[in-house]
Structure formats: structure tokens, C-alpha cells
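# Residue-level structural notes
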Amino acid sequence: MSQNKNALIRYKTIDKCLQNKYRQWTLEDLIECCSQALEEYEGRENPISKRTIQMDIQLMRSEKLGYNAPIVVYDKKYYKYEDEDFTITDIPLTETDMNVLTETVSMLKQFKDFSLFNDVSDILQRLEDKIYAEKSHTKPVIYLDKNEKLKGLHYLDEIYQAIIKKMVLIITYKSFKSRDETKFHFHPFILKEFNNRWFLIGKKKKSQPITNLALDRIISIDYDFNLPYLEEDFDAESYYKNVIGVTVNSGLQPRRIELWIDAENAPYVLTKPLHPTQRLIQENEDKSIIVHLFIIPNYEMERLLLGFGCGIEILRPEGFRKRMKEILQKALTKYDEQDSMP
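As a starting point, this report considers the structure included with it.

About the cut-offs
Residues numbered from 1 in each chain as written. Predicted model: local features only at pLDDT ≥ 70, side-chain atom pairs only at ≥ 80, totals over all residues. Heavy atoms only, no water. Helix = DSSP H or I, 4+ residues; strand = E, 2+ residues; numbered from the N terminus. Buried < 20%, exposed > 50% of the residue type's maximum accessible area, 1.4 Å probe, protein only. Contact = heavy atoms within 4.5 Å. Areas by Shrake-Rupley, 256 points an atom, 1.4 Å probe, with all protein chains shown as cover. Pairing = 2+ DSSP bridges. Axes fitted to C-alpha atoms, helices over the stretch in contact; angles between N-to-C directions. Salt bridge = Lys/Arg side-chain N within 4 Å of Asp/Glu carboxyl O.

As a further point, take the overall build of the protein chain. From N to C terminus, the protein chain includes 10 helices and 11 strands. For the protein chain, the residues scored as buried account for 36% of the 342 residues in total. Taking contacts inside the protein chain between residues at least 6 apart in sequence as the whole, the part at least 24 apart equals 57%. When the accessible surface of the protein chain is summed, it comes to about 22700 Å², and 51% of that surface belongs to carbon and sulfur atoms.

What follows is the structure, encoded as C-alpha cells:
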């Protein structure tokens, strides 16, 4: 591996460490993490000197690399980013970078008609738009939903690497329902995005069910190189075939959910089905429709259907209809309470 590549791996590793503000980082900690990262990429031990990491930090602070990283020392031993939101991955692209990206996109577009590229054609379009906007100093013409305040996104690449390299994670996690954070081993299978949030899917132990973890609830990530990775033939398409979102209620079977959709919302539901199993079973004279889904009810499905308000009615099954009715009646009491206030 070239020395330039070694240096880039060290910069990226230092950056990831300093993004984790929940831990105090000494110079020795940074040396250890960089050594592990290089060993992981090269497949052999690669000792790093204290002087090398000190020079790396100086370079990251300087304008030479274009980072201008706000790395500070506190209590005379710990390193951190003065700006907690800083990361070297947010540095603007240089003109050379832009030219290389432009050539790469042009090359990939030559293969856009191959079935292999069907799933990434929209990504190429968005990338081309972003490059054009940067080079011409104009506003992009393609806008995507994104949440700049969403936590945990800096773990994406780290988790991705752990999945493809079959590494066991040690995750410190705090769910919304828990008062305290917990630490546990986790065998990562896939990453899944839903409703502009990212989730890690895997298992804590072989005997336990598949679990999903929200990346924005992860406090920190470490590794256990001594624990064997749980080899499991996990089929994501099959696992999520009959659900909306990421929650799969184990033990439940798919059910036929029949819905009435009013005339205002019918065109949206027809052109963007609620789920791949959606089937139109009746069109009414008033332009309303009746459709059915064959899915496993879960929290995400309920939120989706409740979002239609009065534009949707659950016809059957009776138990699910009753549950949704109770939720709506409870919501209505909130407004009744407000109306009765002086």
C-alpha cells in the first residue's frame, strides 16, 4: 500500500475518533485506532510512531490538505474537535476532484441501459446534478429529502465496512424507551433506510431474534476481534417482503388489510402504492376506491395510514379497524380538551 494511502487511512481514522465526542481521546488512543485501521486494510501489523500521528494532526489542522481541522488539546492530554459537528468529509471538492467525478459519471452513463445499473441510474442523475451545480455555481435542480440534524450518519461507512468484513460490533445504545444506555455485542447483517432514518439490522446472539437499531440512538461503536461472526443466510428481500418500514413482528403472519380511500387521495395511492402487495378491488362512482394489502401490521404501517386522516378508512379486519378507531378517538379527545379550556 502506498504511503499516500496509509496517510489517508490515518486521517480518516483520526476524524472518526474525534467525531465521537462521548469519549476522551489521548494520543495513544489515536495511535492504537490508526494501527488497527491499517492492520485491517493491509492484513498485517503496521506499527505507527507517536511522531507520525503528531504530524498527521498538524497537517489536518493546516491548509495544506484543505481540512483546516479545528483540533484542540484540553486538560493537556485529550484531543477533540473544537467544533463538535466538524468532519473532514464535509470539505468542498477541488476543481481536480470535480473533473475526475465528471469523467467518472460520463463513463458510467455509457452503461446505463444495462440491467446491472437499473438500481443506480437515479444516483448517477443526482451525482451529475450535484457536480454541475458545484462547477457552474448554480443551485441544484434535484432536491432530496434530508435531515441535516440527523444523528448517527457518521457511523454509516464504519458499519458498512464491518458488515462486508464480517466483524462483531460492541455497541453502546440508548433507545427512546430506555432511561439508561446499554452495551452489547452485535452481529451486523444489513443497513436499511426508511423515512429518512437509517437502521442497522442484525442479531445480538444466535438464539435471539433479528433486531433493528436506529443509527441515531447509537452512542458509540467498538469491535470484538475475538468473537466469531455469526454466519447467517439473511435474505433482506424475503424478510421485509410483507412489511412497511423496518419492524417485523416475529410470529405474525401477513394479513389482508382492506382500505377505502377517498377521491382526493385515490390518485396518489394508485400512482404510489402503499406496498407492493397493494391491489385495486373496486372503483366507486364518487372516484373513491377500495384496495387491499397483504402485509404484517406494525407501527410504521399504522403511522402511514393515520397520516391520511379522514381520507382513509380501514374496512377489515375488524380487530385492526377497531384499534385504529380507538387511536383516532383518543386523538380527538385532545382537541375536545383544548376546546373546553377557558
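So that's the structure; there's more coming.
Further remarks concern the sheet that holds strand S8 (residues 255–261). Spatially, the four strands line up as an open sheet ordered S9-S10-S8-S11, and their pairing is antiparallel. Looking at which strands have only one partner, the edges of the open sheet turn out to be strand S9 (279–283) and strand S11 (312–316). With direction set aside, neighbouring strand axes in the sheet form an average angle of 30 degrees. Bridging between S8 and S11 involves four bridges; their strand directions are antiparallel. The residue bridging Leu259 from the neighbouring strand is Ile314, located in S11.

Summed over the entire model, instances satisfying the criterion amount to 11 salt bridges. Where Glu302 meets Arg323, a salt bridge forms, and the shortest distance between an N and an O atom there is 2.5 Å. With a gap of 21 residues between them, Glu302 in helix H9 (residues 299–306) and Arg323 in helix H10 (residues 318–339) connect regions that are remote in the sequence. For Glu302, a relative accessible area of 11% gives the class buried. Take Arg323: its relative accessible area is 41%, and that puts it in the partly exposed class. Several salt bridges share partner residues, and in doing so they unite Lys12, Lys16 and Asp157 into one network.

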